[in-house]
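Letter by letter, the chains look like this.
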Amino acid sequence: MNLEKKTMEEKVQEQRNADRGKTIEVNDLYVTYNVRKKRKKAKNQAGDDECVHAVNGVTMDIRTGEILAVVGESGCGKTTLGKAILNIIRSSSGTIKYHGQDLSKLSGSQLQSLRQKMQLIFQDPYESLDPRQSVYKALEEPLDIHRKDMSPEQKKERIYKYLEAVGLHPAETMAQRYPHHLSGGQRQRLSIAATMILEPDFVVADEPVSMLDVSIRAEILKLMLDLQKGTDLTYMFITHDLSLAWLIADRIAVFYLGKLVEIGQADDVVHRCMHPYSQALVSVIPKIREEADEDKGHVLRGETPSPMSIPSGCCFHTRCWLYQEKGCPEVCRQKEPALVTVGGDHQAACHFAGPEEKGGDLHG
Ligand SMILES: Nc1ncnc2c1ncn2[C@@H]1O[C@H](COP(=O)(O)OP(=O)(O)OP(=O)(O)O)[C@@H](O)[C@H]1O
Ligand code: SF4
Ligand SMILES: [Mg+2]
């Protein structure tokens, strides 16, 4: 993909961003879906719901002005986490703060006014676009809902400004079109314009290019990065593609079965990864594997366990190559590893992660 990794100048800017504070703080967040309710056999018998443990005790922050990539296999809870942070779905427990405000303590009207500041870019632009609405209407609608203070002329000016900003020009012509007149790339540009028109400061981009042709992915990513330049816009960028995450993100958070297993600067997580799961993901990226001095190929074996029955101890132990190499230590089966600092701005959740690699004390 023709997209350059960041220059030193951009990295200095990132560092400034890192010092700017936290847009989102997530603390011990759980999200559970109840999926099946068996018919109660007797009147007083308890209901028998099955629970999908989609997000399991996640604590992390998202720093103002950064791109935090959230990476992991299908079903590991990336979308659920993004939607819970945006308050689109209800969390089971834990807290989410936006610029220090606990979302659970806000009133309905306060949440409504926050909604324009926290937006979602969908994977499939069709999901967010009404086929019966013209391009103009698609952009006017969010303004009608959230910016009742704007006059029709102000709205028109802003709609044309954002059509140009996302490369849908000439704006006057594009405004009259309908989604079915647009190519996949143009539809995603429109959906990005509909997100950005409210000038949010936090955007969850859920696999925003995975449904597009490879040839136009870089253009859309570049557009998202251009819209961020010179602003405090913060992205949570969801992807299952670790190499893409490395290319565009400041930091990467790796998830497995709804748990955060590693988080740190993108270069650290990819080139100096500490968690055996991240190491397995990295080892299948050809370019990075070529750059490595030694062959660190670690194949992931077996199926991901069901999120309805998460393995005891370290949830990764059923597939962990290091667990096998270490002779199946009891601590991995019995004790959940905490997320610990393994260097600088880098954390991992493995009993054997970190420079000392001592392994956990089962009773500690
Ligand atoms: N509405 C729902 N009801 C029940 N289970 C759900 C629901 N939405 C998601 N799940 C389940 O929760 C788990 C996490 O799903 P989620 O969509 O958050 O994962 P994901 O990492 O975004 O996956 P993908 O990469 O495929 O998009 C999965 O097991 C999924 O089947
Ligand atoms: S704690 Fe044990 S099972 Fe879990 S990742 Fe580390 S070595 Fe593997
Ligand atoms: Mg998803």
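Note that the coordinates shown come from a computational prediction; the quantities given were computed from them, not determined experimentally.

Q: It is not clear to me how the overall build of the protein chain should be interpreted in this structure. Could you clarify?
A: Per the secondary structure count, the protein chain includes 15 helices and twelve strands. The proportion of buried residues among the 364 residues of the protein chain is 48%. Sequence separation of 24 or more characterises 67% of the internal contacts of the protein chain that already satisfy a separation of 6 or more. Surface exposure of the protein chain reaches about 18400 Å², of which carbon and sulfur atoms provide 48%.

Q: Just checking my understanding: could you explain the site of ligand 1 for this structure?
A: Taken together, the neighbourhood of ligand 1 is formed by 13 residues, with S74, G75, K78, T79 and T80 sitting nearest. Residue S74 places a side-chain N or O atom 2.5 Å away from an oxygen atom belonging to ligand 1. Separating an oxygen atom of ligand 1 from a backbone N or O atom of G77 is a distance of 3.1 Å. Taken together, the elements giving at least two residues each to the shell around ligand 1 come down to β1 (22-38), β2 (48-63) and α2 (78-85). Here the shell around ligand 1 takes three residues from α2, the largest share from any one element. Its residues assigned to classes, the shell around ligand 1 comprises six nonpolar, five polar and two charged.

Q: What is the right way to look at the packing of helix α5 (residues 135-146) against helix α8 (residues 184-196) in this model?
A: Each pair of packed helices gets described by two things: the angle between the helix axes and the distance between those axes. Contact geometry of α5 with α8 gives a least axis separation of 8 Å together with a crossing angle of 25 degrees. The angle between α5 and α8 falls in the class roughly parallel. In this structure, the crossing between α5 and α8 has a hand that is right-handed. For the pair α5 and α8, the contacting residues are V135, A138, L139 and P142 in the first and L190, A193 and A194 in the second. For the contact of α5 with α8, the residue count by class is seven nonpolar, no polar and no charged.

Q: Which parts of the structure should I look at to understand the site of ligand 2?
A: As a matter of local geometry, ligand 2 sits amid H275, P276, C314, F316, H317, C320, L322, Y323, C332, C350, H351 and F352. Its atoms largely coinciding with the cavity grid, ligand 2 occupies the largest cavity. Grouping the amino acids of the shell around ligand 2 by side-chain chemistry returns nine nonpolar, three polar and no charged.

Q: Can you help me understand the sheet that holds strand β10 (residues 259-265) in this one?
A: One key point about sheets: their strands pair by backbone hydrogen bonds, in either a parallel or an antiparallel sense. Spatially, the eight strands line up as an open sheet ordered β6-β7-β8-β3-β9-β10-β12-β11, and their pairing is mixed. Of all the strands in the sheet, the pair left with one neighbour each is β6 (118-121) and β11 (340-343). Averaged over all adjacent pairs, the angle separating strand axes in this sheet is 25 degrees, with direction ignored. Sitting on the sheet, α2 touches β3 (67-71), β6, β7 (202-206), β8 (234-239) and β9 (251-256), and the angle it makes with β8 is about 155 degrees.

Q: Is there a simple way to explain the environment of C328 in this structure?
A: Inspection of the secondary structure puts C328 in the loop between α14 (321-325) and α15 (330-334). You can call C328 partly exposed: its relative accessible area is 30%. Each C-alpha atom, one on C328 and one on H317, is 8.5 Å from the other, the two residues being eleven residues apart in sequence. When residues no more than four places from it in sequence are discounted, the contact partners of C328 are Y323 and R333.

Q: Would you explain helix α6 (residues 152-165) in this entry?
A: In an α-helix, one turn spans 3.6 residues, which is why side chains three or four residues apart end up on the same side. For α6, built from 14 residues, the straight-helix expectation of 20 Å at 1.5 Å per residue is met to within 8% by its first-to-last C-alpha distance of 20 Å. Among all positions in α6, only K155, R158, I159, Y160, Y162 and L163 are buried. Contacts made by the buried residues of α6 are with α5, α7 (171-175) and α8.

Q: Looking at this model, I keep getting lost on empty space enclosed by the protein. Mind explaining?
A: To find the voids left in a structure, one rolls a probe of water-molecule size over its atoms. Scanning all chains against the criterion turns up three cavities of 30 Å³ or more. Its boundaries defined by the atoms lining it, the largest cavity holds a volume of some 90 Å³. Residues of the lining of the largest cavity, tallied by class, amount to ten nonpolar, three polar and no charged. Forming the walls of the second largest cavity are L86, N87, L103, L111, L114, R115 and M118. Here the element with the most residues in the lining of the second largest cavity is helix α3 (residues 108-115); it accounts for three residues.

About the thresholds
Residues numbered from 1 in each chain as written. Chains lettered and ligands numbered in written order. Predicted model: local features only at pLDDT ≥ 70, side-chain atom pairs only at ≥ 80, totals over all residues. Heavy atoms only, no water. Helix = DSSP H or I, 4+ residues; strand = E, 2+ residues; numbered from the N terminus. Buried < 20%, exposed > 50% of the residue type's maximum accessible area, 1.4 Å probe, protein only. Contact = heavy atoms within 4.5 Å. Areas by Shrake-Rupley, 256 points an atom, 1.4 Å probe, with all protein chains shown as cover. Near = heavy atom within 4 Å. Polar contact = N/O pair within 3.5 Å; in protein donor to acceptor, adjacent residues only side chain to side chain. Nonpolar A, V, L, I, M, F, W, Y, C, P; charged D, E, K, R; others polar. Axes fitted to C-alpha atoms, helices over the stretch in contact; angles between N-to-C directions. Parallel < 35°, antiparallel > 145°, perpendicular 65-115°, else oblique. Left-handed = near helix turned anticlockwise from the far one by under 90°. 1 Å grid on protein atoms, 1.4 Å probe; cavity = no way out; pocket = protein on both sides within 12 Å on 5 of 7 lines; lining within 4 Å. Sits in = over half its atoms within 2 Å of the grid points. Pairing = 2+ DSSP bridges. Expected span 1.5 Å × (residues − 1). Points joined across faces, edges and corners; volume = space filled by probe spheres on them.

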